Amino acid sequence: ANRHPVMMGGVQKKARVADGGLDGPARLAALRKQMTAHSVDAFIVPSDDPHQSEYVATCFERRAYISGFKGSSGTAVVTATRALLWTDGRYFLQA
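Residues numbered from 1 in each chain as written. Predicted model: local features only at pLDDT ≥ 70, side-chain atom pairs only at ≥ 80, totals over all residues. Heavy atoms only, no water.

A. Local environment of the nonpolar core. Core analysis: the largest hydrophobic core is formed by seven residues, namely Leu-28, Leu-31, Met-35, Val-45, Ile-66, Ala-76 and Val-78. Secondary-structure elements contributing two or more residues to this core are α1 (24–37) and β4 (75–79). Counting residues per element, this core draws most heavily on α1, which supplies three residues. Sequence-distant contacts of Leu-28, defined by excluding residues within four places in its chain, comprise Ile-66, Val-78 and Ala-83. (Core = buried A, V, L, I, M, F, W, Y, C linked by side-chain atoms within 4.5 Å. Buried < 20%, exposed > 50% of the residue type's maximum accessible area, 1.4 Å probe, protein only. Helix = DSSP H or I, 4+ residues; strand = E, 2+ residues; numbered from the N terminus. Contact = heavy atoms within 4.5 Å.)

B. Highlighting the pattern of salt bridges. Scanning all chains against the criterion turns up one salt bridge. For the salt bridge of Asp-88 with Arg-90, the shortest nitrogen-to-oxygen distance reads 2.8 Å. (Salt bridge = Lys/Arg side-chain N within 4 Å of Asp/Glu carboxyl O.)

C. A look at the pairing of strand β5 (residues 83–86). As judged from the four bridges shared by β4 and β5, these two strands associate in the antiparallel manner. Note on β5: the bridge partner recorded for Val-77 is Leu-84. In this antiparallel pair of consecutive strands, β4 and β5, the connection spans three residues. (Pairing = 2+ DSSP bridges.)

D. Spatial organisation of α1. If you check α1, its first and last C-alpha atoms are 20 Å apart, about what 14 residues at 1.5 Å a residue would give, namely 20 Å. Buried residues of α1: Arg-27, Leu-28, Leu-31 and Met-35, and no others. Each buried residue of α1 sits inside an arc of 95° when the element is viewed along its axis, so together they form one side. Opposite the buried face of α1, by more than 90 degrees, sit the exposed residues Pro-25, Lys-33, Thr-36 and Ala-37. (Expected span 1.5 Å × (residues − 1). Arc of directions from axis to C-beta.)

E. Structural detail: the sheet that holds β4. Taken together, the three strands give an open sheet; going across it, the order is β3-β4-β5, and neighbouring strands pair in antiparallel fashion. Of all the strands in the sheet, just β3 (42–45) and β5 have a single pairing partner and so form its edges. Each strand axis lies, on average, 15° off the axis of its neighbour in the sheet, ignoring direction. As defined by bridge partners, β3 adjoins β4 across four bridges and the pair is classed as antiparallel. The partner of Ala-42 across the bridge, within β4, is Thr-79. Packed onto the sheet, α1 meets β3, β4 and β5 and runs at close to 60° relative to β4. (Axes fitted to C-alpha atoms, helices over the stretch in contact; angles between N-to-C directions.)

F. Representation of the confidence of the model for the chain within the structure. Across the chain, pLDDT averages 79, with 77% of residues at or above 70. Strand β1 (residues 3–8) is the least confidently modelled element of the chain, averaging 42 in pLDDT, while β3 averages 94, the highest of any element. Overall, residues 1–17 carries pLDDT values under 50, and its contacts beyond four positions in sequence, including any with other chains, amount to 27 contacts. (pLDDT = per-residue confidence, 0-100.)

G. Representation of the environment of Asp-49 in the model. Note on placement: Asp-49 falls in the loop between β3 and α2 (62–67). A relative accessible area of 6% places Asp-49 in the buried class. Between the alpha carbons of Asp-49 and Cys-59 there is a distance of 9.2 Å; along the sequence they are 10 residues apart. Polar side-chain contacts of Asp-49 include one of 2.9 Å to the backbone nitrogen of His-51. Within the structure, the side chain of Asp-49 is placed 2.9 Å from the backbone nitrogen of Gln-52, a separation counted as a polar contact. (Polar contact = N/O pair within 3.5 Å; in protein donor to acceptor, adjacent residues only side chain to side chain.)

This is how it looks when you write it as structure tokens:
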């Protein structure tokens, strides 16, 4: 399984990512399956962490995980039929 560094008690440790090695389309399919199971029409995936940090820890890179977009700013929205991304002009080509 993939591992990403996480700070715990001032010590960097490796955290297990529960993706089972899934690629982007498979991650979206897994998310959509959970959305259907819980009657969720749209899932918003922000760039920020719970502390509104300018630079987020790897464990909070939810938008990059689900969309593959690694820019520092942006919001993804996933519905049953679409996966959308909003960001600013700095990332026009990457997005």
